[in-house]
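Residue-level structural notes
The chain contents come next:
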Amino acid sequence: MFYHARNGSVHVGDSRMDYICFGKGSRKLVMLPGLGDGLTTVKGKALVFAAMYRAYAREFTVYMFSRKNKLREGYTTREMAEDQVQAMAALGISKADILGISQGGMIAQYLAIDHPKLVNKLVLAVTAAEPNETVKKVVGGWIKMAEQGNYKDLMIDTAEKTYSENYLKKYRRFYPLLGKIGKPKSFERFLIQTAACISHNAQGELHKITCPVLVIGGDCDRIVGSGSAPGIADKIDGSELFVYPGLGHGAYEEAKDFTERVLDFLAR
């Protein structure tokens, strides 16, 4: 099969958690996606993501996890991390490198804080450690749109705040399609995850992270704020920081050297 890609799910508490797996490397890499998981999960997308992230497949066996299927009101990023621990245990993953993007980075922070033996190296990309004003304003706006069922405006606002102007110039012509493709039957999952973003606050515990850490941000991030990455790195002793000039929250997609930078850090 293409890059040994496969889809799967594991029991987590009273629910199940979907995941994908690809690659044949001896090391384990766990990837935790962002808030978009609240709208569409990784279920059935093993081939798509294996192709997208194939650069990792030689050195790593890669696992990408969604949040569990049944979410309750008030579900926190710390609880998401605990569920992630259960999922990893069910798959026999006793130690892994962790790549957390956006909300996935919030979850990854608590993995490293509460379960240091599980984490070999940690990459925190375009994420925040506390609910700053930028996060509260932007995510709060998305909550209102989701509550109104306004999927098209939600998608457009997400794109406008994620990508650089050069990137958007190429893709704005597709905006009329955004309201017609991928709309979820319910926004409940998304709303629970957005609330978790706004309540996330690990800033006072970041000093507990002892594994090697690479923090990546963009100096034009309009979702978590341009100061979030430096703020996180400042609290973690020995961490490395790289901030992409001219890029924002979508730096992990737009920067041509993002994957190379991550692989270089993990290889050292």
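In short, a report on the structure. (Residues numbered from 1 in each chain as written. Predicted model: local features only at pLDDT ≥ 70, side-chain atom pairs only at ≥ 80, totals over all residues. Heavy atoms only, no water.)

1. Notes on helix H11 (residues 258-267)
- Three or more residues of H11 are buried, namely Phe258, Val262, Phe265 and Leu266. On an axial view of H11, the arc spanned by its buried residues comes to 95°, and they lie on one face. Turned more than 90 degrees away from the buried face of H11 sit Glu260 and Ala267, all of them exposed. (Buried < 20%, exposed > 50% of the residue type's maximum accessible area, 1.4 Å probe, protein only. Helix = DSSP H or I, 4+ residues; strand = E, 2+ residues; numbered from the N terminus. Arc of directions from axis to C-beta.)

2. What to know about the nonpolar core
- Core analysis: the largest hydrophobic core is formed by 42 residues, its most contacted members being Leu32, Phe65, Ile98, Val119, Leu122, Ile209 and Val213.
- Residue contributions to this core peak at 6 residues, all from helix H3 (residues 103-114).
- Setting aside its immediate chain neighbours within four residues, Ile209 contacts Gln109, Ala112, Ile113, Leu122 and Ile236.
- With 30 residues, the next largest nonpolar core counts Val42, Ala57, Phe60 and Ile216 among its residues. (Core = buried A, V, L, I, M, F, W, Y, C linked by side-chain atoms within 4.5 Å. Contact = heavy atoms within 4.5 Å.)

3. So, the environment of Ala90
- Structurally, Ala90 can be placed in helix H2 (residues 77-90).
- The exposed category is assigned to Ala90, whose relative accessible area is 52%.
- Put simply, Ala90 and Leu178 are 88 residues apart on the chain and 37 Å apart in space, counted from C-alpha to C-alpha.

4. Observations concerning the packing of H2 against H3
- Orientation of H2 relative to H3, taken along the N-to-C sense of each, is 70°, at an axis distance of 8 Å. When the axes of H2 and H3 are compared, the pair comes out roughly perpendicular. Seen from above, H2 lies across H3 with right-handed handedness. Between H2, through Thr77, Arg78, Met80, Ala81, Glu82, Gln84 and Val85, and H3, the contact on the second element is made entirely by Gln103, Met106, Ile107, Tyr110, Leu111, Ile113 and Asp114.
- Grouping the constituent residues of the contact of H2 with H3 by class yields 8 nonpolar, 3 polar and 3 charged. (Axes fitted to C-alpha atoms, helices over the stretch in contact; angles between N-to-C directions. Parallel < 35°, antiparallel > 145°, perpendicular 65-115°, else oblique. Left-handed = near helix turned anticlockwise from the far one by under 90°. Nonpolar A, V, L, I, M, F, W, Y, C, P; charged D, E, K, R; others polar.)

5. A closer look at the packing of aromatic side chains
- A full pass over the atoms with the stated rule returns 11 aromatic pairs.
- Ring centres of Tyr19 and Phe65 lie 5.7 Å apart, and the angle between their planes is 35°; this geometry places the pair in the tilted category. Taken as a pair, Tyr19 in strand E2 (residues 15-22) and Phe65 in strand E4 (residues 60-68) lie far apart in primary sequence, 46 residues in all.
- Since its relative accessible area comes to 0%, Phe65 is described here as buried.
- Among the aromatic side chains, those forming a connected cluster through ring pairs are Tyr163, Tyr167, Tyr171 and Phe174.
- Lying over the aromatic face of Phe265, Lys121 brings its terminal NZ or CZ to 5.1 Å of the ring centre.
- Just above the ring of Phe242 sits the side chain of Arg261; from NZ or CZ to the centre is 3.5 Å. (Phe/Tyr/Trp six-rings, centres within 6.5 Å; stacked < 30°, edge-to-face > 60°. Lys NZ or Arg CZ within 6 Å of the ring centre and 35° of its normal.)

6. As for the pairing of E2
- The element E2 is extensively covered by neighbouring structure, given that 7 of its 8 residues are classed as buried.
- Examined bridge by bridge, strand E1 (residues 6-12) and E2 share 7 bridges and lie antiparallel to one another. Bridge pairing in E2 places Asn7 opposite Ile20.
- Where E1 hands over to E2, the hairpin turn is made up of 2 residues, of which Gly13 adopts a positive phi near 60°.
- Here E2 pairs with E4 via 5 bridges, running antiparallel. (Pairing = 2+ DSSP bridges.)

7. A look at the sheet that holds E2
- Spatial ordering of the open sheet is given by E1-E2-E4-E3-E5-E6-E7-E8, a layout of 8 strands whose pairing is mixed. Because the sheet does not close on itself, it has two edges, and the strands there are E1 and strand E8 (240-244). Direction aside, neighbouring strands of the sheet carry axes that sit 20° apart on average.
- With 5 bridges joining them, strand E5 (residues 96-101) and strand E6 (residues 119-125) adopt parallel strand pairing. Bridge pairing in E6 links Ile98 to Leu122.
- Each of strand E3 (27-32), E4, E5, E6, strand E7 (213-218) and E8 touches H11; the most contacted strand, E6, lies at about 155° to it.

8. Remarks on the packing of helix H4 (residues 133-147) against helix H8 (residues 188-199)
- Relative orientation of the contacting elements H4 and H8 amounts to 165°, with a least axis distance of 10 Å. By the angle between their axes, H4 is roughly antiparallel relative to H8. Seen from above, H4 lies across H8 with left-handed handedness. Judged by residue contacts, Val135, Lys136, Val139, Gly140, Trp142, Ile143, Ala146 and Glu147 of H4 engage Phe190, Leu191, Thr194, Cys197 and Ile198 from H8.
- Residues of the contact of H4 with H8, tallied by class, amount to 9 nonpolar, 2 polar and 2 charged.

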